[in-house]
Amino acid sequence: MQINSKKFIIIHPILIALFPMVLIYFQNIHLLLLEGLITPTLFILAVAIALWYGIKIILKNTIKSALLSSLYIFLFFSYGHIIIIIQSNLTQEIFISIHVILLISYTVFVVLGTYYIVKTNRKLNNLTTIANAMSITALVFLFFNIGIYNFENSNYNFQEENSNPIVLGNDFKKTPDIYYIVVDEYAPLRTLEKFYDYDNSDFIKFLEEKGFYVTKNSHSNYAQSATSISSALNMKYLNNLPAVVGNESKDQRFLYQMLDNNLVMRNFKSAGYQVYNFDSGAWSTRSLNIADENLCSKNQTADFRTLYQVKQTSILRALDIFIKEPTSRIFHQEHRDRIHCQFGEITEIKQRTEEPVFVFMHVLSPHDPFVFGPNGEEVDYKFTFGPGVITPFEPTFDLALTSNERIKAYRDQVIYLTKILRQTVDKLLENSDNPPIIIIQSDTGPDLSFSDITKEGSYVGRMSIFNAYYFPNKEYNLLYNDITPVNSFRIVFDSQFQTNYGLLEDKVFFSTYEKPYTFIEITDFSIVR
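Conventions adopted
- Residues numbered from 1 in each chain as written.
- Predicted model: local features only at pLDDT ≥ 70, side-chain atom pairs only at ≥ 80, totals over all residues.
- Heavy atoms only, no water.
- Core = buried A, V, L, I, M, F, W, Y, C linked by side-chain atoms within 4.5 Å.
- Buried < 20%, exposed > 50% of the residue type's maximum accessible area, 1.4 Å probe, protein only.
- Helix = DSSP H or I, 4+ residues; strand = E, 2+ residues; numbered from the N terminus.
- Contact = heavy atoms within 4.5 Å.
- Polar contact = N/O pair within 3.5 Å; in protein donor to acceptor, adjacent residues only side chain to side chain.
- pLDDT = per-residue confidence, 0-100.
- Disulfide = S-S within 2.5 Å.
- Patch = residues over 30% accessible without salt bridge, like charges linked within 9 Å, V, L, I, M, F, W, Y side chains within 5 Å.
- Areas by Shrake-Rupley, 256 points an atom, 1.4 Å probe, with all protein chains shown as cover.
- Salt bridge = Lys/Arg side-chain N within 4 Å of Asp/Glu carboxyl O.

K.L.:
Sorry, what's going on with the nonpolar core here?
P.N.:
As a rule of thumb, nonpolar side chains are buried together in soluble globular proteins. Grouped together as the largest cluster of nonpolar side chains are 83 residues, with contacts concentrated most on Leu207, Leu233, Phe358 and Phe489. Sorting elements by how many residues they give to this core places helix H15 (residues 403–430) first, with 11 residues. Setting aside anything within four residues of it in sequence, one finds Leu233 in contact with Tyr180, Leu259, Asn262, Leu263, Val264, Met265, Phe358, Phe360 and Phe489. The next biggest cluster of nonpolar side chains, apart from the first, holds 22 residues, and it includes Ile24, Tyr25, Ile29 and Ile44.

See below:
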């Protein structure tokens, strides 16, 4: 928009509206995918333009309407950042008081700023120039740093020379369908008994009666979802990555590339399989380029984690303090719907094609957010990402559960997830014309930091996983109780498709969320048995 004198262009309302989403991307560049920002960015821009235009109609003044729009947008999106800055010094008792004080302060700024801009007789050209310059400078700074980061992290190729797909053989009369179900942070039997006071042996018995081989002492190779699943689907260790990206790197986009073109799916595609992936809600496994179809994916141009961050950095954050139904329920329902979609669709996939299928389903549960009671009912936990832990965006100590609450929330979610896993196994086995291959496996164990065990013990608990296999021919001679996921598909290919991959030595490497490539090898697992 231009003023009548045509001496300069007013762009600061648009730039200030862009700034929050660009900042979110910059702060989480190691995690976020650009396509997840499209919808919220366009929505914010549309609202900003509508606000500017509406005020202009009322005031009949382009400059004043632009300044008021920029003021309102800036205050709206700065609120959450101020809370984040000061919340580390807050106690739960004064948390609401701080919100009240800050909201009153913001109201005063709005009233005084509006009064001055509307009533002043000054042309405000200088103020407009300053607003333009500051908004341009802020965005240029962010884009410059984004560009540097992408330049420094853009030239890596993780596909090794020997990772080309191979020809699969088989002795089956009909090629079996394959279902690989990864349940996020699903604890094994001993972890559930020791830390959650829950006996899951009925589920183990159910699987064994169906013909499954359920391991008794499996561990994940890596401690984070993206590293664990990347390793499993590429059938190799990732210990070369620290030398390539650096021990201190947080960038998980390299792992996304590995998942996008993983060796397991390439092998099956070369053998004529249709490959299906389910949108998990996690950035690493939302959409895989190699898949023929990504299911349960309503909108790849937005994801609820990014929308949650928009909410948490804006004045919408204050709504959870003062309204009966917290806004986090919106995100809870989205999470519930996705998981129900996954389990509903996986048993119907064979209606889509007559070709053999390889199905990968990463279920972001029983990992938080805790959205299910033991019978699938809604629960009323107010947080969305993690009880008192470091999330992809910020700590959530202000909404932390007590240890007992956390144990119950996780246990209830395990109980419900186990029920629908049983139903899914029954349907997959009963509705298949040809018995399928099924792997049910957790990517990692749960976070046990709420307990009083040692740091080393919590590492081992994190690495202990659930691991179960169903082969139609029941040839389990290559399987063993200590198997790790890096060998899962090596055994599938060698025992079922006459390949010669062989087994790698089973190794276990812990790392933290903040330093995913700083691998600490664990060799002593006795400390939590």
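K.L.:
Even after reading the chapter, I still don't get the side chain of Ser314, so can you show me in this structure?
P.N.:
Summarising the element assignment, Ser314 is placed in the loop between helix H12 (304–312) and helix H13 (319–322). Among the polar contacts listed, one links the side chain of Ser314 to the backbone oxygen of Lys311, at a separation of 3.1 Å. Setting aside residues up to four positions removed in sequence, Ser314 forms contacts with Phe76, Phe77, Tyr79 and Gly80.

K.L.:
What am I meant to see in the confidence of the model for the protein here?
P.N.:
Atomic detail in the predicted coordinates should be set aside for any region of low pLDDT. Here the protein averages 85 in pLDDT, while 86% of its residues score no lower than 70. Across residues 384–398 the pLDDT falls below 50, and counting only partners more than four positions away or on other chains, this stretch makes 51 contacts in the model.

K.L.:
Looking at this structure, how should I read the environment of Leu401?
P.N.:
As for its position among the elements, Leu401 is in the loop between strand E5 (357–363) and H15. As a C-alpha pair, Leu401 and Tyr381 span 20 residues in sequence and 8.7 Å in three-dimensional space.

K.L.:
What is the right way to read the state of the cysteines from this model?
P.N.:
Between two cysteines, a covalent bond joining their sulfur atoms is known as a disulfide. The tally for this structure, following the rule as stated, stands at 1 disulfide. At a sulfur-sulfur separation of 2.0 Å, the disulfide partner of Cys296 is Cys341. Given an S-S torsion of about -95 degrees, the disulfide between Cys296 and Cys341 has left-handed geometry. Of this pair, Cys296 sits in the loop between strand E4 (293–295) and H12 while Cys341 is found in helix H14 (residues 328–346), placing the two residues 45 residues apart along the sequence. Taking the relative accessible area as the measure of exposure, Cys296 reaches 15% and is therefore buried. When its relative accessible area of 25% is taken as the criterion, Cys341 is described as partly exposed.

K.L.:
What is the right way to read a nonpolar patch on the surface from this model?
P.N.:
Among the surface-exposed residues, Ile96, Val100, Ile104, Val108 and Leu112 lie close enough to one another that they form a single nonpolar patch of about 430 Å² accessible area. Mapped onto the secondary structure, Ile96 falls in helix H4 (residues 92–119).

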